[in-house]
Amino acid sequence: MRTYLVTGGAGFIGSNYIHYMFRKYGDEIRIINVDKLTYAGNLENLKSIESRGNYTFIKADICDSAAIRRIFQENDIDRVVHFAAESHVDRSIKDPEVFVRTNVLGTLVMLNAAKEAWELPDGTFQEGKKFLHVSTDEVYGSLEDENAYFYETTPYDPHSPYSASKASSDMLVKSYMDTYRFPANITNCSNNYGPYQFPEKLIPLIINNALQGKKLPVYGDGKNVRDWLYVEDHAKGIDMVQEKGRLFETYNIGGHNEKQNIQIIHIILDTLQEMLPEGDPRRELVSENLITYVEDRKGHDRRYAIAPDKIKKEIGWYPETRFEEGIRLTIKWFFEHEEWMKNVTSGDYQKYYEEMYHE
Ligand code: NAD
Ligand code: DAU
């Protein structure tokens, strides 16, 4: 049975990936989820799979080299899928240090532990072992020309401490592939949205605030462009890259769905109005009057847009979920998981681990 070591599996994309993998492979695989449970890690995301015999959760910091090496020593790991990171740009502007620690040093620890476990005496690696580093399109910087796209060959030009730390982690992975022929891939993906996304990010923040009649903060002129991808399509892309991609290659993953932030906000407001049932008191609260222009993010990248040509051509992946459908699925999920949102915004979800594991 193939064993996956997933880091950061209690976060937004990691938990969606774990759900996707169990839906796809069922009992054919085993998943070990290693997560430090920072403010962004939430075991409630995994409640429906936590009792599976082929799933294990380990609370550990990826910077803790001894703990990570022990996991490799005690388990025959076949695949690493490395999500764990500090992921929010605004936080990185306020406090860059933890971004360098987790994203750069943490990645180095993961690389060293996998290399130590998988390397043979002759310097080659055990057959079939693979490491996938989950990265972001933000490493490529900002597109000023509206006809330009990010390709795998686009030079790195990160602007925020977050994207600089992710760029550094990508470089470390590249250096391990080049120096040791370490069996890895890198994926650089555009903005994700969907279930379990922490409400500090634009889409869940707008949904949550609008439903409560709270202000909807728009940074700057609201015309910055992001390329939005439904999270399940990302999960599928990661799996396809690991199974069908060429080792040592980078693959860009993107939605081909560029929208200005202000457009996103209008789409969410319209969709909420459409989906809220007649007589629901929240219909009165959801309004364009909530839109509030605020000070711009420092160093705010203007536009991101991925050209997912390589992954489409080589692997056959493409974004399956149209934005209109994805946003409805996301809003429906938030309607059905009000308790999740309440627990996240009140911080109660952080008590869940202590209760579950009697700590
Ligand atoms: P997230 O913030 O929701 O989750 C991060 C997870 O990592 C959390 O569960 C957290 O507890 C865990 N973690 C943080 N520091 C850790 C540490 N030191 N040791 C162990 N676990 C730790 O992030 P996300 O949005 O799910 O992003 C996951 C990955 O995907 C990140 O590497 C991010 O850079 C990348 N990415 C995100 C997006 C996006 O739109 N969200 C797009 C492209 C790439
Ligand atoms: O492109 C991939 C990246 O997408 C990932 O690597 C990051 O982990 C992820 O956080 C995301 O980064 P962004 O900075 O693009 O996402 P965020 O949701 O924070 O912001 C999206 C856009 O909306 C951005 O232009 C800033 C703007 N914004 C954001 C917030 C939170 C607002 O206008 N108002 C807000 O309140």
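All values reported here derive from a predicted model rather than from experimental measurement.

Considerations on the site of ligand 2
Then, in step 1: Near ligand 2 you find 23 residues, and of these Asp137, Tyr162, Asn191, Arg297 and His300 are the closest.
Then, in step 2: Taking Tyr219, its main chain carries an N or O atom lying 2.9 Å from an oxygen atom of ligand 2.
Then, in step 3: Here ligand 2 loses 94% of its free accessible area of 690 Å² to cover by the protein chains.
Then, in step 4: If you list the elements that add at least two residues to the shell around ligand 2, you get helix H6 (202-211) and strand S8 (216-219).
Then, in step 5: Among the elements that take part in the shell around ligand 2, S8 stands out by supplying three residues, more than any other.
Then, in step 6: Partitioning the shell around ligand 2 into residue classes produces nine nonpolar, eight polar and six charged.

Describing the site of ligand 1
Then, in step 1: Residues in contact with ligand 1 amount to 28 residues; listed here are only the nearest, Ile13, Asp35, Ser87, Tyr162 and Lys166.
Then, in step 2: One of the backbone N or O atoms of Asn192 is found 2.9 Å from an oxygen atom in ligand 1.
Then, in step 3: Among the secondary structure elements, those contributing two or more residues to the shell around ligand 1 are helix H1 (12-25), strand S5 (130-136) and helix H5 (161-180).
Then, in step 4: Per-element accounting of the shell around ligand 1 gives the leading share, three residues, to S5.

Here's the deal with the confidence of the model for the protein chain
Note: predicted coordinates in regions of low pLDDT should not be interpreted at a detailed level.
Then, in step 1: Scored by pLDDT, the protein chain has a mean of 97; 99% of the residues are at 70 or more.
Then, in step 2: The weakest mean pLDDT in the protein chain belongs to helix H13 (residues 350-357) at 77; the strongest belongs to strand S4 (residues 79-82) at 99.

Topic: the pattern of salt bridges
Then, in step 1: On inspection of all chains with the given rule, the structure shows 26 salt bridges.
Then, in step 2: A salt bridge links Asp76 to Lys129; the shortest N-O distance between them is 2.8 Å. On the criterion of sequence distance, the pair formed by Asp76 in the loop between helix H2 (65-74) and S4 and Lys129 in the loop between helix H4 (97-118) and S5 is long-range, its members being 53 residues apart.
Then, in step 3: Residue class for Asp76 comes out exposed when judged on its relative accessible area of 54%.
Then, in step 4: For Arg282, the salt bridge goes to Asp280, with nearest N and O atoms at 3.0 Å.
Then, in step 5: Through salt bridges that share partners, Arg246, Glu249, Lys310 and Glu314 make up one connected network.

Some remarks on the side chain of Arg297
Then, in step 1: The residue Arg297 is located in the loop between strand S13 (291-294) and helix H10 (309-315) in this model.
Then, in step 2: Reaching out from Arg297, the side chain makes a polar contact with the side chain of Asp90 at a distance of 2.7 Å.
Then, in step 3: Excluding its chain neighbours within four sequence positions, the residues that come into contact with Arg297 are His88, Val89, Asp90, Ile93, Tyr219 and Arg226.

Quick notes on the sheet that holds strand S11 (residues 250-253)
Then, in step 1: Taken together, the seven strands give an open sheet; going across it, the order is S3-S2-S1-S4-S5-S6-S11, and neighbouring strands pair in parallel fashion. Where the open sheet ends on each side, the last strands, each with one partner, are strand S3 (55-59) and S11. On average, each strand axis in the sheet is tilted by 20 degrees relative to the strand beside it, whichever way the strands run.
Then, in step 2: Two strands pair when backbone bridges link them, and strand S2 (residues 29-35) and S3 are joined in this way by five bridges, in the parallel orientation. Bridge pairing links Val34 to Ile58 in S3.
Then, in step 3: Along the sheet, H4 makes contact with strand S1 (2-7), S4 and S5, crossing S5 at roughly 165 degrees.
Then, in step 4: Set on the sheet, helix H7 (residues 231-244) makes contact with S1, S4, S5, strand S6 (184-189) and S11; between it and S5 the angle comes to about 145 degrees.

A word on the environment of Leu272
Then, in step 1: As for its placement among the helices and strands, Leu272 is situated in helix H8 (residues 261-275).
Then, in step 2: For the pair Leu272 and Asp348, spaced 76 residues apart in the sequence, the C-alpha separation amounts to 26 Å.
Then, in step 3: For Leu272, the residues in contact, after removing those within four places along its chain, are Ile207, Ala210, Leu211, Val286, Ile331 and Phe335.

A look at the pairing of S5
Then, in step 1: For S5, the tally of buried residues reaches seven of seven residues, placing the bulk of the element in the interior.
Then, in step 2: Alternating residues of S5 divide into Lys130, Leu132, Val134 and Thr136 and Phe131, His133 and Ser135, and every residue in both groups is buried.
Then, in step 3: Sheet topology places S4 next to S5; four bridges connect them, and they run parallel. Residue His82 lies in a different strand from S5, and its bridge partner there is His133.
Then, in step 4: Of the pairings in the sheet, the one linking S5 to S6 comprises six bridges and is parallel in character. What sits directly across from Phe131, in S6, is Ala184.
Then, in step 5: Handedness of the crossover is the feature at issue here: the chain leaves S5, passes through H5, returns alongside S6, and the resulting connection is right-handed.

Analysis parameters
- Residues numbered from 1 in each chain as written.
- Chains lettered and ligands numbered in written order.
- Predicted model: local features only at pLDDT ≥ 70, side-chain atom pairs only at ≥ 80, totals over all residues.
- Heavy atoms only, no water.
- Near = heavy atom within 4 Å.
- Polar contact = N/O pair within 3.5 Å; in protein donor to acceptor, adjacent residues only side chain to side chain.
- Areas by Shrake-Rupley, 256 points an atom, 1.4 Å probe, with all protein chains shown as cover.
- Helix = DSSP H or I, 4+ residues; strand = E, 2+ residues; numbered from the N terminus.
- Nonpolar A, V, L, I, M, F, W, Y, C, P; charged D, E, K, R; others polar.
- pLDDT = per-residue confidence, 0-100.
- Salt bridge = Lys/Arg side-chain N within 4 Å of Asp/Glu carboxyl O.
- Buried < 20%, exposed > 50% of the residue type's maximum accessible area, 1.4 Å probe, protein only.
- Contact = heavy atoms within 4.5 Å.
- Pairing = 2+ DSSP bridges.
- Axes fitted to C-alpha atoms, helices over the stretch in contact; angles between N-to-C directions.
- Right-handed = clockwise from strand over helix to strand, strands pointing away.

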